[in-house]
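Coordinate inspection notes
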Amino acid sequence: MNASTTVLHFSDLHFGTEIVAARDAALLAARRIQPDVIVVSGDITQRARQREYLAAKTFLDLLPGRAKLVIPGNHDIPLLNLPARVLRPYAGYVRTLGAPEGVWNDRMTAVVALNTTTPFRHTRGRVPVPAFRAMAEQARKRIGPDGVLIAVIHQPFVTAQPEDADEVLMNAPEAARLFAELGVDAALSGHVHYPLLRTTLADFPELPRPFVLCGAGTTFSHRVRQGAPNSFHAMRVVRGEGAVARIEVTAHVYDTGGRRFAAGETQVFVRDAGGWQADR
Ligand SMILES: [Fe+2]
Ligand SMILES: [Fe+2]
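Here's what I pulled together on the structure shown here. Keep in mind the model is a prediction, meaning the values are calculated, not measured.

What counts, and where the lines are drawn
Residues numbered from 1 in each chain as written. Chains lettered and ligands numbered in written order. Predicted model: local features only at pLDDT ≥ 70, side-chain atom pairs only at ≥ 80, totals over all residues. Pairing = 2+ DSSP bridges. Helix = DSSP H or I, 4+ residues; strand = E, 2+ residues; numbered from the N terminus. Axes fitted to C-alpha atoms, helices over the stretch in contact; angles between N-to-C directions.

**Considerations on the sheet that holds strand E13 (residues 275-278)**
What the seven strands build is an open sheet, ordered E3-E2-E1-E10-E11-E12-E13; its pairing is mixed. The open sheet terminates on both sides in strands that have one partner only, identified here as strand E3 (68-71) and E13. Direction aside, neighbouring strands of the sheet carry axes that sit 25° apart on average. In this sheet, strand E10 (residues 231-239) lies alongside strand E1 (residues 4-10) in antiparallel orientation, the contact comprising six bridges. Across the sheet, the residue bridging to Thr6 is Arg236, located in E10.

What follows is the structure, given as structure tokens:
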């Protein structure tokens, strides 16, 4: 078997702070790539305002295809309106964008998108363990034991920059063990606006089955970090025989002068029965 699935990973759109030319370039890039599924890993808005949600909805509706999985980030919860934050933290999100989690699959790949935000801690997040277990087991049934299972979360397991160390999932070690146990193949995250591509081997060496960590930058918000221009990832998932699979992740970086996203380096990860490793 040698089929492939293309996953487009946008993140941290932060509508309200979007760079219009970069937003339009992202739309063109998505139409050029024609992915099988598009995921957006949170922080859809800057301040959870209705007009920001409406701008996001317009953009998401213009993206190609019907397979889109979008999750909230901490910025999609009202910050200053305390009653709204406590009583109806996702009201604006759900009213405009729909459910804050979801599952998509084709014959060989499943994507489980999780709401990892926590209104009471605001910026910090966690993997909801029982909910994720149920979603992952349901997804696994649809793709079989050798299918590729991708999880989408907002806060990451690890960060590239040491100063972001406090931004990781509050239950990162527990969630990493759970992901490994459930056979998650890749975790796609956002939040820190700084891309990261590696396996869990360096940060969670005790895991019996390493998986791939794909952190995305901000696709088109001006909230970029030093050394991390606007970008997104396009992932090609390829299944081989049995446990054999590969994921090719291509970074697309925004060129401010040319007002377009240009495909940059591709990093390849390969899977055998023991889990994932970088292909050198
Ligand atoms: Fe963000
Ligand atoms: Fe965030």
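There is more to say after this.
**Points about the environment of Gly274**
With respect to the helices and strands, Gly274 occurs in the loop between strand E12 (260-272) and E13. Expressed as a C-alpha distance, the spacing of Gly274 and Gln226, which sit 48 residues apart in the sequence, is 37 Å.

**What to know about the sheet that holds strand E4 (residues 102-105)**
Ordered by their spatial adjacency, six strands build an open sheet running E4-E5-E6-E7-E9-E8, and the pairing between neighbours is mixed. The open sheet has two edge strands, E4 and strand E8 (196-199), and neither has a second partner. In this sheet, adjacent strand axes meet at a mean angle of 15° when their direction is disregarded. Alignment of strand E5 (residues 109-113) against strand E6 (residues 148-152), held across five bridges, turns out to be parallel. Within the sheet, the bridge partner assigned to Ala113 lies in E6 and is Val152.

Don't take any of this as a statement about function, it's just geometry.
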